[in-house]
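Close look at the chain arrangement
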Amino acid sequence: MILNRKTLKFEIDLDFVLIAITTSLRDYRICHYINKRLNFDFTRSPDLELDLIQGAGPVFFSLYQYHWEASETDFYFIANKGSEGYLVPEMRKADYFIMIRNYIADDELDKIITGLNRIQEIVAAVKIDPKKIKSRENLLF
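Just so it is clear, the structure is predicted and the values come from calculations on it, not from any experiment.

Concerning the packing of aromatic side chains
Tallied over the entire structure, the rule returns ten aromatic pairs. Both rings, one in Phe40 and one in Phe42, keep their centres 5.8 Å apart while their planes meet at 65°; by these two values the pair is edge-to-face. Of the two residues, Phe40 and Phe42, both sit in the buried class.

And the structure:
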(Lines give C-alpha, C1' and ligand atoms only; values in the text may rest on other atoms or scores of the structure.)
Protein backbone atom coordinates (compact mmCIF):
# COMPACT_ATOMS: atom_id res chain seq x y z
CA MET A 1 0.00 0.00 0.00
CA ILE A 2 1.40 3.36 -1.05
CA LEU A 3 0.59 6.37 1.08
CA ASN A 4 0.50 9.83 -0.38
CA ARG A 5 2.61 12.20 1.66
CA LYS A 6 2.44 15.92 1.40
CA THR A 7 4.88 18.32 2.90
CA LEU A 8 3.84 21.71 4.10
CA LYS A 9 6.46 24.41 3.67
CA PHE A 10 6.08 27.47 5.82
CA GLU A 11 7.87 30.69 4.99
CA ILE A 12 7.70 33.75 7.19
CA ASP A 13 6.54 36.88 5.41
CA LEU A 14 9.05 39.58 6.26
CA ASP A 15 7.25 42.60 4.87
CA PHE A 16 9.28 45.28 6.61
CA VAL A 17 12.47 47.27 6.17
CA LEU A 18 15.10 47.11 8.89
CA ILE A 19 17.74 49.71 9.72
CA ALA A 20 20.46 48.88 12.24
CA ILE A 21 21.81 51.77 14.33
CA THR A 22 25.03 51.90 16.32
CA THR A 23 25.33 54.59 18.99
CA SER A 24 26.40 54.97 22.60
CA LEU A 25 23.33 57.00 23.60
CA ARG A 26 20.35 55.82 25.62
CA ASP A 27 17.13 55.10 23.73
CA TYR A 28 15.27 58.27 24.74
CA ARG A 29 18.23 60.50 23.80
CA ILE A 30 18.73 59.02 20.34
CA CYS A 31 14.97 59.13 19.69
CA HIS A 32 15.07 62.83 20.56
CA TYR A 33 17.81 63.42 17.96
CA ILE A 34 15.97 61.34 15.35
CA ASN A 35 12.72 63.21 16.01
CA LYS A 36 14.55 66.52 15.63
CA ARG A 37 16.52 65.60 12.48
CA LEU A 38 13.83 63.67 10.57
CA ASN A 39 10.73 65.47 11.89
CA PHE A 40 9.48 62.22 13.37
CA ASP A 41 7.48 61.86 16.55
CA PHE A 42 8.68 58.65 18.20
CA THR A 43 6.77 58.10 21.43
CA ARG A 44 7.47 55.51 24.09
CA SER A 45 5.36 52.36 23.94
CA PRO A 46 5.19 49.53 26.47
CA ASP A 47 8.32 47.38 26.32
CA LEU A 48 8.41 44.61 23.74
CA GLU A 49 8.11 41.34 25.68
CA LEU A 50 9.52 38.19 24.07
CA ASP A 51 10.15 34.62 25.24
CA LEU A 52 13.54 34.03 23.64
CA ILE A 53 14.50 30.96 25.68
CA GLN A 54 11.82 28.47 26.66
CA GLY A 55 11.25 28.33 30.39
CA ALA A 56 13.57 31.27 31.12
CA GLY A 57 10.91 33.95 31.35
CA PRO A 58 10.29 36.97 29.15
CA VAL A 59 12.95 39.39 27.91
CA PHE A 60 12.01 43.08 27.66
CA PHE A 61 13.21 45.49 24.96
CA SER A 62 12.50 49.22 24.90
CA LEU A 63 10.13 50.20 22.11
CA TYR A 64 9.15 53.52 20.52
CA GLN A 65 6.56 53.99 17.81
CA TYR A 66 5.74 56.58 15.16
CA HIS A 67 2.94 56.52 12.56
CA TRP A 68 3.54 58.39 9.31
CA GLU A 69 0.09 59.61 8.27
CA ALA A 70 1.04 60.49 4.68
CA SER A 71 1.64 56.88 3.62
CA GLU A 72 0.15 54.91 6.55
CA THR A 73 3.64 53.69 7.41
CA ASP A 74 4.58 52.55 10.92
CA PHE A 75 8.06 53.05 12.35
CA TYR A 76 9.30 51.11 15.37
CA PHE A 77 12.48 51.98 17.25
CA ILE A 78 13.58 48.86 19.13
CA ALA A 79 16.54 48.27 21.45
CA ASN A 80 18.70 45.30 20.48
CA LYS A 81 19.88 44.71 24.05
CA GLY A 82 17.13 43.78 26.45
CA SER A 83 16.82 42.86 30.08
CA GLU A 84 18.31 39.37 29.63
CA GLY A 85 19.79 39.16 26.13
CA TYR A 86 19.77 40.38 22.57
CA LEU A 87 16.83 40.71 20.19
CA VAL A 88 19.11 39.79 17.28
CA PRO A 89 22.09 37.98 18.88
CA GLU A 90 24.08 37.72 15.67
CA MET A 91 24.14 41.53 15.40
CA ARG A 92 25.51 42.46 18.84
CA LYS A 93 27.22 45.59 17.46
CA ALA A 94 23.84 47.10 16.56
CA ASP A 95 22.39 48.97 19.51
CA TYR A 96 18.97 49.71 18.03
CA PHE A 97 16.79 48.88 15.05
CA ILE A 98 14.26 50.94 13.16
CA MET A 99 11.63 48.69 11.66
CA ILE A 100 9.50 50.22 8.90
CA ARG A 101 6.23 48.45 8.20
CA ASN A 102 4.10 49.13 5.15
CA TYR A 103 5.32 50.67 1.93
CA ILE A 104 8.16 53.17 1.83
CA ALA A 105 9.62 54.48 -1.42
CA ASP A 106 13.33 53.86 -2.02
CA ASP A 107 14.11 57.58 -2.22
CA GLU A 108 12.33 58.18 1.14
CA LEU A 109 14.28 55.31 2.69
CA ASP A 110 17.54 56.75 1.36
CA LYS A 111 16.65 60.16 2.87
CA ILE A 112 15.97 58.54 6.24
CA ILE A 113 19.26 56.60 6.25
CA THR A 114 21.19 59.68 5.12
CA GLY A 115 19.49 61.77 7.82
CA LEU A 116 20.32 59.17 10.47
CA ASN A 117 23.97 59.08 9.41
CA ARG A 118 24.16 62.87 9.67
CA ILE A 119 23.33 62.73 13.37
CA GLN A 120 26.72 63.09 15.07
CA GLU A 121 25.82 60.74 17.89
CA ILE A 122 25.09 57.87 15.50
CA VAL A 123 28.18 55.90 14.52
CA ALA A 124 26.42 54.06 11.69
CA ALA A 125 22.93 53.46 10.31
CA VAL A 126 22.60 50.79 7.62
CA LYS A 127 19.78 48.92 5.94
CA ILE A 128 19.69 45.23 6.81
CA ASP A 129 17.99 42.46 4.83
CA PRO A 130 15.74 40.71 7.38
CA LYS A 131 15.86 37.48 5.36
CA LYS A 132 19.58 37.13 6.14
CA ILE A 133 19.07 37.28 9.92
CA LYS A 134 18.96 33.90 11.66
CA SER A 135 16.78 35.10 14.53
CA ARG A 136 14.31 36.97 12.32
CA GLU A 137 11.36 35.41 14.18
CA ASN A 138 12.21 37.72 17.10
CA LEU A 139 11.28 40.68 14.88
CA LEU A 140 7.72 39.46 14.30
CA PHE A 141 5.45 41.15 16.81
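Observations regarding the pattern of salt bridges
Inspection of every chain in the model, using the stated rule, returns three salt bridges. With its nearest N and O atoms 3.1 Å apart, the salt bridge here joins Asp27 to Arg44. Residue Asp27 is located in helix α1 (residues 27–38), and its partner Arg44 is located in strand β2 (residues 43–50); the two are separated by 17 residues in the primary sequence. In this structure Asp27 comes out as buried when scored by relative accessible area, which is 10%. One salt bridge connects Lys111 with Glu108, and the closest N-O pair in it is separated by 3.9 Å. Remark: Glu108 and Lys111 occur in helix α2 (residues 106–117); sequence separation between them is three residues, near one turn of the helix. Overall, the relative accessible area of 26% leaves Glu108 in the partly exposed class. Residues participating in the shared-partner salt-bridge network are Asp27, Arg44 and Asp47.

Let's talk about the pairing of strand β3 (residues 59–68)
Summarising burial for β3: seven of the ten residues are buried, a large majority. Of the pairings in the sheet, the one linking β2 to β3 comprises six bridges and is antiparallel in character. Within the sheet, the bridge partner assigned to Leu50 lies in β3 and is Val59. Bridge count for β3 against strand β4 (residues 73–79) is six bridges, and the pairing is antiparallel. Bridging from a neighbouring strand, Trp68 pairs with Thr73 of β4. Linking two consecutive strands that pair antiparallel, namely β3 and β4, is a turn of four residues; a positive phi of about 55° is found at Glu72 within it.

Focus: the sheet that holds strand β5 (residues 96–101)
Here six strands make up an open sheet; going across it, the order is β2-β3-β4-β5-β1-β6 and the pairing antiparallel. The two strands at the open ends of the sheet, each matched to only one other strand, are β2 and β6 (122–128). In this sheet, adjacent strand axes meet at a mean angle of 25° when their direction is disregarded. In this fold α2 packs onto β1 (16–23), β3, β4, β5 and β6, with an angle of close to 160° to the strand it touches most, β6.

Digging into the side chain of Ser45
For Ser45, the location among the structural elements is in strand β2. Other than its neighbours up to four places away in sequence, Ser45 contacts Leu63, Tyr64 and Gln65.

Section: the nonpolar core
If you look at the biggest cluster of nonpolar residues, it comprises 26 residues, and the most contacted ones within it are Ile19, Ile21, Ile34, Phe75, Phe77 and Leu116. Elements with a contribution of two residues or more to this core: β1, α1, β3, β4, β5, α2 and β6. Discounting residues that sit within four places of it in the chain, Ile21 has contacts with Ile34, Phe77, Ala94, Asp95, Tyr96, Ile98, Leu116, Ile122, Ala124 and Ala125.

Conventions and cut-offs
- Residues numbered from 1 in each chain as written.
- Predicted model: local features only at pLDDT ≥ 70, side-chain atom pairs only at ≥ 80, totals over all residues.
- Heavy atoms only, no water.
- Phe/Tyr/Trp six-rings, centres within 6.5 Å; stacked < 30°, edge-to-face > 60°.
- Buried < 20%, exposed > 50% of the residue type's maximum accessible area, 1.4 Å probe, protein only.
- Salt bridge = Lys/Arg side-chain N within 4 Å of Asp/Glu carboxyl O.
- Helix = DSSP H or I, 4+ residues; strand = E, 2+ residues; numbered from the N terminus.
- Pairing = 2+ DSSP bridges.
- Axes fitted to C-alpha atoms, helices over the stretch in contact; angles between N-to-C directions.
- Contact = heavy atoms within 4.5 Å.
- Core = buried A, V, L, I, M, F, W, Y, C linked by side-chain atoms within 4.5 Å.

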